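Structure assessment
Each chain, written out:
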Amino acid sequence: MGHILNENYGLFDTYEEINWDFLPKAFVLKDTLGSGGRSMIFISDKDKIDKKEISKTIESWISIDPNKKSLGREWLYEGRRHRIIAERLLQGDSSGDLPDYKFFCFDGRVYCSYMMQNYTMHHEQGVLGFLNRDFKLLKAHRADFAPMTEQPEKPKKYEQMVEMAEILAEGFPHVRVDFYNLDGKIIFGEMTFFNARCSI
């Protein structure tokens, strides 16, 4: 399933290691220990960026001690070091959105999912909806997101996403498998054992 992976341009330990000349005009920088979409820098034109500001941001990521209790349930990050990934910057679909589909898998089978609309590009307009395996909107919702109130249109190749989620989830008691779907083009997001970061 390598064809669904996003293009990776580099992995760096520090800001100083970033080879700006090698990177394309547009890309995204991510902290490998980041979560919830908070530790990302979207760069649409590298010739118009403030490198000093980006250096400060990356330094703030790296300076966070991964042994701090604020990791909450994400205990497996303990003792790991922050690294910086440079990836292809995904463009929105025909509506300008970057819809995100997150599949909850138990014993290798999709049980339900949730999708976010308008969240990546316009957080203040973002809504979230839980859906059953047949993509029917459920009444469940998350208190930290505005609820989706209308049945969303099933994305192209939805069944293919379910199939791939179950292939990737095989052998795990539980894992969440995420994809982007840009007008039928499926791109792998992540696999995570932590649906949300909560303090313990």
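Residues numbered from 1 in each chain as written. Predicted model: local features only at pLDDT ≥ 70, side-chain atom pairs only at ≥ 80, totals over all residues. Heavy atoms only, no water.

Take the sheet that holds strand 7 (residues 127–132) next. Working definition: the strands of a sheet are paired by backbone hydrogen bonds and lie parallel or antiparallel to each other. Pairing within the open sheet is mixed, and its 6 strands lie in the order 8-7-6-5-9-10. Looking along the sheet, the strands with just one partner apiece sit at the ends: strand 8 (146–147) and strand 10 (185–192). In the packing of helix 2 (residues 158–169) onto the sheet, contacts are made with strand 5 (100–106), strand 6 (109–117), strand 7, strand 9 (174–182) and strand 10, and the angle to strand 9 comes to roughly 145°. (Pairing = 2+ DSSP bridges. Helix = DSSP H or I, 4+ residues; strand = E, 2+ residues; numbered from the N terminus. Contact = heavy atoms within 4.5 Å. Axes fitted to C-alpha atoms, helices over the stretch in contact; angles between N-to-C directions.)

Moving on: the packing of aromatic side chains. Tallied over the entire structure, the rule returns 12 aromatic pairs. Their ring planes at 65° and their centres at 6.1 Å tell us that Phe103 and Phe179 sit as a pair that is edge-to-face. Linking Phe103 in strand 5 with Phe179 in strand 9, this pair joins segments that are 76 residues apart in sequence. By relative accessible area, Phe103 is classed as buried at 0%. Taken together, the ring pairs connect Tyr101, Phe103, Phe135, Tyr158, Phe179 and Phe188 into an aromatic cluster. (Phe/Tyr/Trp six-rings, centres within 6.5 Å; stacked < 30°, edge-to-face > 60°. Buried < 20%, exposed > 50% of the residue type's maximum accessible area, 1.4 Å probe, protein only.)

Our focus in this paragraph is helix 1 (residues 51–62). Taking 1.5 Å as the rise per residue, helix 1 with 12 residues should run 16 Å; its terminal C-alpha atoms sit 16 Å apart, in good agreement. Taken residue by residue, helix 1 has Ile54, Ile58 and Trp61 as its buried positions. Axial view of helix 1: buried residues confined to an arc of 50°, hence all on one face. Turned more than 90 degrees away from the buried face of helix 1, the exposed residues are Lys52 and Lys56. (Expected span 1.5 Å × (residues − 1). Arc of directions from axis to C-beta.)

Time to look at the pattern of salt bridges. Following the criterion strictly, the structure yields 10 salt bridges and no others. Taking the shortest distance from any N to any O, the salt bridge between Arg133 and Glu166 comes out at 2.5 Å. Within this pair, whereas Arg133 is found in the loop between strand 7 and strand 8, its partner Glu166 is found in helix 2, the two being separated by 33 residues in sequence. Given the relative accessible area of 25%, Arg133 is considered partly exposed. The salt bridge partner of Glu190 is Arg176, with a shortest N-O separation of 3.2 Å. Of this pair, Glu190 sits in strand 10 while Arg176 sits in strand 9, placing them 14 residues apart in sequence. (Salt bridge = Lys/Arg side-chain N within 4 Å of Asp/Glu carboxyl O.)

The volume enclosed by the second largest pocket comes to roughly 340 Å³. Lining the second largest pocket are 15 residues; nearest its centre among them are Asp93, Pro99, Tyr101, Glu153 and Asp183. Across the lining of the second largest pocket, the residue classes break down as 4 nonpolar, 5 polar and 6 charged. (1 Å grid on protein atoms, 1.4 Å probe; cavity = no way out; pocket = protein on both sides within 12 Å on 5 of 7 lines; lining within 4 Å. Points joined across faces, edges and corners; volume = space filled by probe spheres on them. Nonpolar A, V, L, I, M, F, W, Y, C, P; charged D, E, K, R; others polar.)

Glancing now at the pairing of strand 9. Of all 9 residues making up strand 9, 8 are buried, and the element is well covered by its neighbours. Sheet topology places strand 9 next to strand 10; 7 bridges connect them, and they run antiparallel. By the bridge assignment for strand 10, Asn181 is matched with Ile186. Hairpin remark: strand 9 followed by strand 10, antiparallel, with 2 residues in the connecting loop; positive phi at Asp183, about 55°.

Honestly, it's all geometry; don't read function into it.
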